[in-house]
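The residues making up each chain are set out below.
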Amino acid sequence: MTETRFQTIAVLGAGTMGAGIAHVCAQAGSSVMLQDVADEFVQKGLGRVRDFLQKGVEKGKVTAQQRDEVLARIKTTTDRIGACRTAGLVIEAVPEKLELKNDLFREIGAVVAPTCVLASNTSSLSLGKVFAGVAGPERCIGMHFFNPVPLMALLELVRTAATSQATIDAAIAFGKRLGKEPIVVKDSPGFASSRLGVCLGLEAIRMFESGVASAEDIDKAMVLGYGHPMGPLKLTDLVGLDVRLAIADYLAVELDHPGFKAPVLMRKMVAEGKLGKKTGQGFYRW
Ligand code: CAA
């Protein structure tokens, strides 16, 4: 198996992550089919890519020609099966719901070429369960990208008990072609990144909740004291409180660890629609 087959890629789900993934794949020269269930979602995703590239042009990081070439390599559709039929790689970035992802891969696995690699961008769910019953488990792998995808250097590759070494090697080569630094992690709850990152974020919320310091000062403690590029509360706003709450609830059960018990304040904020940057209000006003 070689990475050259990843010239044609289907990205399923055109939200923040799906759009970012489509962007970096197209930027690395692949033809991308970006799919979501409704045209308004795919157009919004494509709009995100366009805006990011335009900002890149304004910053002098990307030329107008590169912007146009990247955009020309991304096609959009609402037809999931059609998007995957000729793909050498399918990357799924739909909402973090196990059943949704498993149903998707069972359906897609039956129609794609036997050599097509199937990748999930899940940030914490068990890949063994995401790919349960999918045809060709050896070509299934976790490909966990980070937000904002075009700027973050890490690609966390997650191997299940069934993932072949050929699939891992092709994914590593692909990650390098995208300009990312791949790491390979065993399929375990929260992998390497979310397990540590979410734990830190939850503790920061508990500290804010109990009045240890203001949100700004808790974040400064990590930015200035530990050299993090962004504090844990601001990062929670960026990722989305709803997204992080779902991961916390899942990890609390899977790891049976009190550190992952979601703070009351977090649940309250999610119930009130204070989801962070995407709704304009989280620990900060955006
Ligand atoms: N196009 C091209 N380049 C761009 C750009 C654009 N539209 N926007 C910014 N850049 C470049 C900048 O020019 C700059 O480049 P140089 O370093 O060469 O100067 C670089 O990207 C950084 O940009 P900024 O200076 O504007 O911004 P920053 O320094 O404040 O960094 C950040 C922004 C990269 C987001 C940084 O704050 C950061 O790393 N934050 C943490 C993000 C993080 O932790 N993400 C993971 C979230 S968890 C997750 O995603 C997983 C999950 O499963 C939920």
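Residues numbered from 1 in each chain as written. Predicted model: local features only at pLDDT ≥ 70, side-chain atom pairs only at ≥ 80, totals over all residues. Heavy atoms only, no water.

Chemist: Give a description of the overall build of the chain that names residues and reports values.
Modeler: A count of helices and strands for the chain gives twelve helices and eight strands. Computed over C-alpha atoms, the radius of gyration of the chain comes to 19 Å, within 12% of the 19 Å expected from 2.2 N^0.38 for 286 residues, which places it in the range of a compact globule. Overall, the C-alpha framework of the chain stretches about 55 × 45 × 35 Å when taken along its three principal axes. Going through the 286 residues of the chain one by one, you find that 47% of them count as buried. By sequence separation, contacts in the chain at least 24 residues apart represent 69% of the contacts at least 6 residues apart. As displayed, the chain has an accessible area near 13300 Å², and 57% of this comes from carbon and sulfur atoms. Looking at charge distribution, the chain has the averaged site of its 34 positive side-chain charges lying 2 Å from that of its 30 negative ones. (Helix = DSSP H or I, 4+ residues; strand = E, 2+ residues; numbered from the N terminus. Rg over C-alpha atoms; globule rule 2.2 N^0.38 Å. Buried < 20%, exposed > 50% of the residue type's maximum accessible area, 1.4 Å probe, protein only. Contact = heavy atoms within 4.5 Å. Areas by Shrake-Rupley, 256 points an atom, 1.4 Å probe, with all protein chains shown as cover. Lys, Arg positive; Asp, Glu negative; His and termini not counted. Charge placed at Lys NZ, Arg CZ, Asp CG, Glu CD.)

Chemist: Tell me about helix H3 (residues 64-72), and name the residues and values.
Modeler: For an α-helix the count is 3.6 residues per turn, leaving residues at separations of three or four pointing the same way. Within the sequence span of H3, burial applies to Arg67, Val70 and Leu71. The buried residues of H3 occupy an angular sector of 95° when projected down its axis, which confines them to one face. Turned more than 90 degrees away from the buried face of H3, the exposed residues are Gln65 and Ala72. Along its buried surface, H3 packs onto helix H1 (16-27), helix H2 (39-58) and strand E3 (74-77). (Arc of directions from axis to C-beta.)

Chemist: Let's hear about the site of the ligand: which residues, and what values?
Modeler: Around the ligand lies a shell of 16 residues, among which Phe52, Lys61, Ser123, His144 and Asn147 are the nearest. Contacts to the ligand include Phe52, whose backbone N or O atom sits 2.9 Å from a nitrogen atom. Between the ligand and Gly56 there is a distance of 3.4 Å, counted from a nitrogen atom to a backbone nitrogen or oxygen. Coverage of the ligand by the protein amounts to 62% of the 1100 Å² it exposes when considered alone. Secondary structure elements with two or more residues in the shell around the ligand: H2 and helix H10 (232-239). Broken down by element, the shell around the ligand gets its largest block of residues, three residues, from H2. Across the shell around the ligand, the residue classes tally to nine nonpolar, four polar and three charged. (Near = heavy atom within 4 Å. Polar contact = N/O pair within 3.5 Å; in protein donor to acceptor, adjacent residues only side chain to side chain. Nonpolar A, V, L, I, M, F, W, Y, C, P; charged D, E, K, R; others polar.)

Chemist: With reference to specific residues and values, describe the side chain of Thr122.
Modeler: With respect to the secondary-structure elements, Thr122 resides in the loop between strand E5 (117-120) and helix H6 (127-130). Residues within four places of Thr122 in sequence aside, it is in contact with Glu96, Lys101, Leu127, His144 and Phe191.

Chemist: Lay out the nonpolar core with the relevant residues and their values.
Modeler: In this structure, Val90, Ile108, Leu118, Phe131, Leu233 and Phe283 are the most contacted members of the largest nonpolar core, which totals 42 residues. When contributions to this core are tallied by element, the ones reaching two or more residues are strand E1 (8-12), helix H4 (80-84), helix H5 (98-109), H6, helix H8 (193-209), helix H9 (215-226), helix H11 (241-255) and helix H12 (264-271). Sort the elements by how many residues they give to this core and H11 lands first, with six residues. By size, the runner-up hydrophobic cluster in this structure holds 37 residues, among which are Ile21, Val42, Val70 and Met143. (Core = buried A, V, L, I, M, F, W, Y, C linked by side-chain atoms within 4.5 Å.)

Chemist: Please give an account of the packing of H8 against H10 that cites residues and values.
Modeler: Closest axis-to-axis distance for the H8/H10 pair is 9 Å, and the angle between their directions is 115°. By the angle between their directions, the pair H8 and H10 is classed as roughly perpendicular. For the element pair H8 and H10, the recorded crossing hand is left-handed. Residues Leu200, Gly201, Ala204, Ile205 and Phe208 of H8 pack against Pro232, Leu233 and Thr236 of H10. (Axes fitted to C-alpha atoms, helices over the stretch in contact; angles between N-to-C directions. Parallel < 35°, antiparallel > 145°, perpendicular 65-115°, else oblique. Left-handed = near helix turned anticlockwise from the far one by under 90°.)

Chemist: Pulling in residues and values, what's your account of the packing of H10 against H11?
Modeler: Helix packing geometry: the angle between the two helix axes and the distance between the axes. H11 packs onto H10 with a crossing angle of 100° between their chain directions and a minimal axis gap of 6 Å. Here H10 is positioned roughly perpendicular relative to H11, judged by the angle of their axes. Together, Pro232, Leu235, Thr236, Asp237 and Val239 of H10 and Leu241, Val243 and Arg244 of H11 make up the contact between the two elements. In the contact of H10 with H11, the residues fall into five nonpolar, one polar and two charged.

Chemist: Before we move on, could you go through the pairing of strand E7 (residues 154-159) and cite the residues and values that matter?
Modeler: Examined bridge by bridge, strand E6 (residues 140-144) and E7 share three bridges and lie antiparallel to one another. Residue His144 lies in a different strand from E7, and its bridge partner there is Glu156. Where E7 and strand E8 (residues 181-186) come together, six bridges link them in parallel fashion. Directly across from Leu154, in E8, lies its bridge partner Glu181. Read from E7 through helix H7 (residues 165-177) to E8, the crossover connection turns out right-handed. (Pairing = 2+ DSSP bridges. Right-handed = clockwise from strand over helix to strand, strands pointing away.)

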